Amino acid sequence: MRIHLLAVGTKMPAWVVTATEDYLARMPAHCQVLVRELAAEKRTKSSDLHRICELEGEKLLAAIPTGSLVIALDVLGKAWSTEQLAGQVDQWLASGQDVALLVGGPEGLSKACLQRADLKWSLSALTFPHPLVRIIVAEQLFRAWSILSNHPYHRGG
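Residues numbered from 1 in each chain as written. Predicted model: local features only at pLDDT ≥ 70, side-chain atom pairs only at ≥ 80, totals over all residues. Heavy atoms only, no water.

I'd love a proper account of helix α2 (residues 49-63), names of residues and values included.
End to end, α2 covers 21 Å across 15 residues, agreeing with the expected 21 Å (1.5 Å per residue, within 8%). Those residues of α2 not exposed but buried are Ile52, Cys53, Glu56, Gly57, Leu60 and Ala63. Buried residues of α2, seen end-on, are gathered within an arc of 140 degrees and therefore sit on one face of the element. Turned more than 90 degrees off the buried face of α2, the exposed positions are His50 and Ala62. Here the buried face of α2 lies against β1 (2-8), β2 (32-38), β4 (99-103) and α4 (111-116). (Helix = DSSP H or I, 4+ residues; strand = E, 2+ residues; numbered from the N terminus. Expected span 1.5 Å × (residues − 1). Buried < 20%, exposed > 50% of the residue type's maximum accessible area, 1.4 Å probe, protein only. Arc of directions from axis to C-beta. Contact = heavy atoms within 4.5 Å.)

In structure tokens:
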């Protein structure tokens, strides 16, 4: 099983790449997380942001590997505790089905992406910058795996 983190935005700052890669390198081979960056559309003062969101959504939808469970990261999605995420990861591992996590651009995900999603996951009611979302997702996936494997990284009750 692979988890595909599909994210709008390229050329992340070095600290984002370093932190994300650090957590993802700790994941076992049977639960590999792959990051695929998709170019954001150019924005100007006169840009049609709705249309830009739609175009970025088309790129995300096209990048979803065939047969994947699709999870949209959206503020209106279901909030999972770390333990609940571990349960989700356990289900994903048991199914053997690839998972595609969709991270939109500054305007979020398009309506088409939200409609395509099998699940919607909210990291928080707070708004995070998109580069930070990558790190949070990577860390939480590693933490979920550490719970499942009884690894000492997660020391929660």
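Picking up after the structure, the text goes on.
So what's going on with the layout of surface pockets? Which residues, and what values?
One number sums up the size of the largest pocket: a volume of about 360 Å³. Lining the largest pocket are 19 residues, and of these Leu73, Asp74, Val75, Phe128 and His130 lie nearest its centre. Secondary structure elements with two or more residues in the lining of the largest pocket: β3 (69-79), β5 (119-122) and α5 (130-148). Tallying contributions element by element places β3 first for the lining of the largest pocket, with three residues. (1 Å grid on protein atoms, 1.4 Å probe; cavity = no way out; pocket = protein on both sides within 12 Å on 5 of 7 lines; lining within 4 Å. Points joined across faces, edges and corners; volume = space filled by probe spheres on them.)

I'd like a rundown of the nonpolar core, residues and numbers included.
Inside soluble globular proteins, nonpolar side chains tend to come together where they are buried. Membership of the largest hydrophobic core comes to 31 residues, with the highest contact counts inside it found for Ile3, Trp92, Val99, Leu101 and Leu141. Here this core takes eight residues from α5, the largest share from any one element. Those residues in contact with tryptophan 92, other than ones at most four positions away along the chain, are Met1, Ile3, Leu69, Ile71, Trp80, Leu85, Gln97, Val99 and Leu141. In terms of nonpolar packing, the next biggest core, distinct from the first, is built from 13 residues, Leu60, Ala100, Leu102 and Ala117 among them. (Core = buried A, V, L, I, M, F, W, Y, C linked by side-chain atoms within 4.5 Å.)

I'd like a rundown of the environment of serine 124, residues and numbers included.
Tracing the sequence through the fold places serine 124 in the loop between β5 and α5. Measuring from C-alpha to C-alpha, the distance between serine 124 and valine 33 comes to 21 Å, with 91 residues separating the pair along the chain. Here the side chain of serine 124 touches leucine 126 through a polar contact of 2.9 Å, landing on its backbone nitrogen. (Polar contact = N/O pair within 3.5 Å; in protein donor to acceptor, adjacent residues only side chain to side chain.)

Just give me the short version of the side chain of aspartate 74, but keep the residues and values in it.
Examined against the element boundaries, aspartate 74 turns out to sit in strand β3. As a buried residue without a salt bridge, aspartate 74 has its nearest oppositely charged side chain in lysine 120, at a separation of 7.0 Å. Contact partners of aspartate 74, with chain neighbours within four places excluded, come to Leu114, Trp121 and Ser122. (Lys, Arg positive; Asp, Glu negative; His and termini not counted. Salt bridge = Lys/Arg side-chain N within 4 Å of Asp/Glu carboxyl O.)

Could you give an account of the packing of aromatic side chains, with specific residues and numbers?
Tallied over the full model, the rule gives three aromatic pairs. Seen in terms of ring centroids, phenylalanine 142 and tyrosine 153 are 4.8 Å apart; in terms of plane orientation they differ by 65 degrees. Their pairing is edge-to-face. You can see phenylalanine 142 sitting in helix α5 and its partner tyrosine 153 sitting in the segment after α5, a full 11 residues away along the chain. By way of ring pairs, the aromatic residues Phe142, Trp145 and Tyr153 are connected into one cluster. A cation sits over an aromatic face here: arginine 26 above phenylalanine 142, 5.3 Å from the ring centre. (Phe/Tyr/Trp six-rings, centres within 6.5 Å; stacked < 30°, edge-to-face > 60°. Lys NZ or Arg CZ within 6 Å of the ring centre and 35° of its normal.)

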